Amino acid sequence: QVQLVESGGGLVQPGGSLRLSCTASGSIFSINTMGWYRQAPGKQRELVAIITRGGSTNYADSMKGRFTISRDNAKNTVYLQMNSLKFEDTAVYYCNAYTYSFRDYWGQGTQVTVSS
């Protein structure tokens, strides 16, 4: 089992920045990919960014150039630096861990609200 604990969400003005953190515990050696997804009211959950244990990354097109995902394997932590935030970035952000045995684990979600 893998447990994920998130932090860093909150209220921010348009154009501002936030950094989300997610720390994994449990069977941490089974984790390959970690990442962030988000879900706005009335919309499907969508990919934000993912990163493998080896450091390969992938971003949704709308986040490229604004968001940066990083990973500290020693601390079992993944980060999402969010810059130039827009109203449409408002959503619940979920941390994800994907194991080598093809199992998904999810954090509880943290609210990010972009508002003036």
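Residues numbered from 1 in each chain as written. Predicted model: local features only at pLDDT ≥ 70, side-chain atom pairs only at ≥ 80, totals over all residues. Heavy atoms only, no water.

1. Quick notes on the pairing of strand 4 (residues 31–39)
Put simply, the rule is: A pair of strands is labelled paired if DSSP reports no fewer than 2 bridges between them. Secondary structure elements are taken from DSSP: a helix is a run of H or I of four residues or more, a strand is a run of E of two residues or more, and numbering for both begins at the N terminus.
Sheet topology places strand 4 next to strand 9 (residues 91–99); 8 bridges connect them, and they run antiparallel. By the bridge assignment for strand 9, G35 is matched with N96. In the sheet, strand 4 pairs with strand 5 (residues 46–51) via 5 bridges, with the strands oriented antiparallel. Each residue of the ladder has a partner; that of W36, found in strand 5, is A49. Hairpin connection of strand 4 to strand 5: 6 residues between the antiparallel strands, including G42 at a positive phi of 80°.

2. Focus: the pairing of strand 3 (residues 18–26)
Inspection of the sheet shows strand 1 (residues 2–7) paired to strand 3 by 6 bridges, in the antiparallel sense. Residue pairing for strand 3: V2 is matched across the bridge by G26. As defined by bridge partners, strand 3 adjoins strand 8 (residues 77–82) across 6 bridges and the pair is classed as antiparallel. Directly across from T23, in strand 8, lies its bridge partner T77.

3. Section: the nonpolar core
What counts is decided by this rule: Definition of nonpolar core: a set of buried residues of the types Ala, Val, Leu, Ile, Met, Phe, Trp, Tyr and Cys, connected through side-chain atoms within 4.5 Å. Exposed residues in this analysis have more than 50% of their type's maximum accessible area, buried residues have under 20%, and partly exposed residues fall in between, with area computed by a 1.4 Å probe over protein chains only. Contact between two residues is taken to exist if any of their heavy atoms lie within 4.5 Å; hydrogens are not considered.
The biggest cluster of nonpolar side chains holds 31 residues, and the ones touching the most others in it are L4, M34, W36, L80, M82 and Y93. Secondary structure elements with two or more residues in this core: strand 1, strand 3, strand 4, strand 5, strand 7 (67–72), strand 8, strand 9 and strand 11 (110–114). Residues within four places of Y93 in sequence aside, it is in contact with E6, L20, W36, Y37, R38, V48, F67, L80, M82, G109, T110 and V112.

4. Topic: the environment of Y105
For Y105, the position within the fold is in strand 10 (residues 104–106). Take Y105: its relative accessible area is 12%, and that puts it in the buried class. Spatially, the C-alpha atoms of Y105 and M34 are 9.4 Å apart, while their sequence positions differ by 71 residues. With residues near it in sequence (within four places) discarded, Y105 still touches Q1, V2, L4, C95, N96, A97 and T99.

5. Looking at the pattern of salt bridges
Spelled out, the test is: Each reported salt bridge corresponds to a side-chain nitrogen of Lys or Arg within 4 Å of a carboxyl oxygen of Asp or Glu.
Using the criterion set out here, one finds 4 salt bridges in the structure. A salt bridge links E46 to R38; the shortest N-O distance between them is 2.7 Å. You can call E46 partly exposed: its relative accessible area is 28%. The class for R38 is buried, based on a relative accessible area of 6%.

6. What to know about unusual backbone geometry
With a phi close to 50°, S84 is a non-glycine residue in the positive phi region. Relative to the helices and strands, S84 resides in the loop between strand 8 and strand 9. Using a relative accessible area of 41% as the deciding quantity, one classes S84 as partly exposed. One non-glycine residue with positive phi stands out, namely F102, at about 70°.

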